[in-house]
Amino acid sequence: MTSGRALAGVLLLVLLLQPLIPLGGYRQYVLHVAIQIFIWSFIGSAWSLMGRFQLVSLGHGAFLGVGAYATVLLWNLYGVTPWLGAVAGMILAGLLAVVVGLPCFRFRVVGHYFGLVTLAVGEVIRLLIVAERDWTAGSLGLTLRSAGGDSLWAIQYGSKQVFYYGSLAVFLIGLWIWHRVDRSMARAALESIGEDETAAASVGIHVTRFKLSITVLSAALTALGGSLYAQAIAYVNPETLAGIGVSLKIVFAVVLGGMYTLLGPLVGTALTTALSEFLRILFGLKLLGMADTIYGLLLIIFIIFLPDGIYGSLRAALARRASRSAGGAAVGRTATV
């Protein structure tokens, strides 16, 4: 067993045992924060499936909102279990990705223009949710209808431990999918497309098919994250699930951690969540807006000076150090001979 796998096994064991650690009155709060980190890390991993291949979406809040609202509305209005509601949300998000992506990829809408298109789609979905207030309660948000107690059918539990392990399982599934894409032939094709679409097409790569496939996969996984978030919080709101703010929140967290690494979204999400909670507690109701200002400035500083993200930069530095050490050892052996 390699040291990396041994470390991963130890970290997984710590995560599995974390809810059992006695933390007094802070236990529920710690579980709540951990659930948020796992869910948003999963969503960040879904976004990075596109972002790492130069498909920068600034409107992933659209897919997040579709997944969350589809699940909640089907349960509140028709009593459809969230298990099926999540599947319906993923299908709807996938169809939305096709509607947006197909014309963009066929007409070579790339770079900043693609980002602007996705940004507009996210805002359209938010406005649509607000406009359909008879169903969605508009900007007031929608509360999940109670099942009257713990229910597997409704995925409603009073204990946060259930959602902790559920969100951890979904997060690990997201890592597995990211790893599978990273090890597949699609990675080479998508990297070639990201560098030069014309050159990629000239060697037989079906540009539109590959770009559309990764976009649909990213959208469906993001919708699943939205469904899980809705169940964990039991409340949905267009501003926090479908607006521009939430789309940029996803991008910032992934870029901060490193979009080209497996654990980058986790590191970025953990840091942004911890920073946000610390500033919220520090300032409270004093100096309104100061917490958001400091939060934004720190993100800008990190992004400027660490373009590969915190985890990505640290990993690259360790790799360079190991390479220099190996090179020095090789020189030493040659000199000895």
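What comes next is a walk through the structure. All figures in this text were calculated on a predicted structure; none of them were measured in a lab.

What follows concerns the overall build of the protein chain. When helices and strands are counted, the protein chain shows 15 helices and 2 strands. Dimensions of the protein chain, computed from C-alpha atoms along their principal axes, come out at roughly 80 × 55 × 45 Å. Looking at the 337 residues of the protein chain, the share that counts as buried comes to 43%. Accessible area of the protein chain: about 17800 Å², with a carbon and sulfur share of 70%. Averaged over its 22 positive side-chain charges, the protein chain has a centre that lies 10 Å from the centre of its 13 negative ones.

Let's shift gears to the packing of helix α4 (residues 82-106) against helix α5 (residues 111-131). Direction vectors running N to C along α4 and α5 enclose 155 degrees, while the axes themselves pass 11 Å from each other. It follows from the interaxial angle that α4 and α5 lie roughly antiparallel. The handedness of the crossing between α4 and α5 comes out as right-handed. Counted together, Leu-96, Val-100, Cys-104 and Phe-105 of α4 and Phe-114, Val-117, Val-121 and Ile-125 of α5 form the full contact between these two elements. Partitioned by chemical class, the residues of the contact of α4 with α5 number 8 nonpolar, no polar and no charged.

Before going further, it helps to spend a moment on the packing of aromatic side chains. Under the counting rule described, the total for this entry stands at 5 aromatic pairs. An aromatic cluster of at least three residues, connected via ring pairs, comprises Phe-38, Tyr-164, Tyr-165 and Phe-171. The ring of Trp-40 carries Lys-249 above its face, with NZ or CZ at 4.0 Å from the centroid.

This brings us to unusual backbone geometry. Within the chain, Arg-108 stands out as a residue other than glycine whose phi angle is a positive 55 degrees. Mapped onto the elements, Arg-108 comes out in the loop between α4 and α5. Here the phi dihedral of Ile-155 falls at roughly 50 degrees; this positive angle occurs in a residue that is not glycine. Looking at the element boundaries, Ile-155 is found in the loop between β1 (142-143) and α7 (160-183). Ile-155 gets classed as buried once you look at its relative accessible area, which sits at 16%.

Bringing the environment of Ser-159 into the picture now. With respect to the helices and strands, the residue Ser-159 is situated in the loop between β1 and α7. For the pair Ser-159 and Gln-28, spaced 131 residues apart in the sequence, the C-alpha separation amounts to 8.8 Å. A distance of 3.2 Å separates the side chain of Ser-159 from the backbone nitrogen of Gln-161, its partner in a polar contact.

Moving on to the packing of helix α2 (residues 27-51) against α7. For the pair α2 and α7, interaxial distance at closest approach is 9 Å and the crossing angle is 20 degrees. Considering the angle they form, α2 stands roughly parallel to α7. Considering how the two elements wind past one another, α2 and α7 form a crossing that is left-handed. Considering only residue class, the contact of α2 with α7 consists of 16 nonpolar, 8 polar and 2 charged.

Before going further, it helps to examine the pattern of salt bridges. Applying the stated criterion across every chain, the model contains 7 salt bridges. One salt bridge in this structure joins Lys-211 and Glu-197, with 2.5 Å as the shortest N-O distance. Taken together, the positions of Lys-211 in helix α10 (residues 207-233) and Glu-197 in helix α9 (residues 197-202) put the pair 14 residues apart, joining distant regions of the chain. Overall, Lys-211 belongs to the buried group, its relative accessible area being 2%. Exposure remark for Glu-197: the relative accessible area of 11% places this residue in the buried category.

This brings us to a nonpolar patch on the surface. A contiguous nonpolar surface patch, about 580 Å² in accessible area, is contributed by Leu-12, Leu-13, Leu-16, Leu-17, Leu-20, Tyr-165 and Leu-172. Looking at the nonpolar patch, the elements that each hand over two or more residues are α1 (3-17) and α7. With 4 residues, the top contributor of residues to the nonpolar patch is α1. On the secondary structure map, Leu-16 appears in helix α1. Judged by its relative accessible area of 36%, Leu-16 is partly exposed.

What counts, and at which threshold
Residues numbered from 1 in each chain as written. Predicted model: local features only at pLDDT ≥ 70, side-chain atom pairs only at ≥ 80, totals over all residues. Heavy atoms only, no water. Helix = DSSP H or I, 4+ residues; strand = E, 2+ residues; numbered from the N terminus. Buried < 20%, exposed > 50% of the residue type's maximum accessible area, 1.4 Å probe, protein only. Areas by Shrake-Rupley, 256 points an atom, 1.4 Å probe, with all protein chains shown as cover. Lys, Arg positive; Asp, Glu negative; His and termini not counted. Charge placed at Lys NZ, Arg CZ, Asp CG, Glu CD. Axes fitted to C-alpha atoms, helices over the stretch in contact; angles between N-to-C directions. Parallel < 35°, antiparallel > 145°, perpendicular 65-115°, else oblique. Left-handed = near helix turned anticlockwise from the far one by under 90°. Contact = heavy atoms within 4.5 Å. Nonpolar A, V, L, I, M, F, W, Y, C, P; charged D, E, K, R; others polar. Phe/Tyr/Trp six-rings, centres within 6.5 Å; stacked < 30°, edge-to-face > 60°. Lys NZ or Arg CZ within 6 Å of the ring centre and 35° of its normal. Polar contact = N/O pair within 3.5 Å; in protein donor to acceptor, adjacent residues only side chain to side chain. Salt bridge = Lys/Arg side-chain N within 4 Å of Asp/Glu carboxyl O. Patch = residues over 30% accessible without salt bridge, like charges linked within 9 Å, V, L, I, M, F, W, Y side chains within 5 Å.

Keep in mind these values describe shape, not function.
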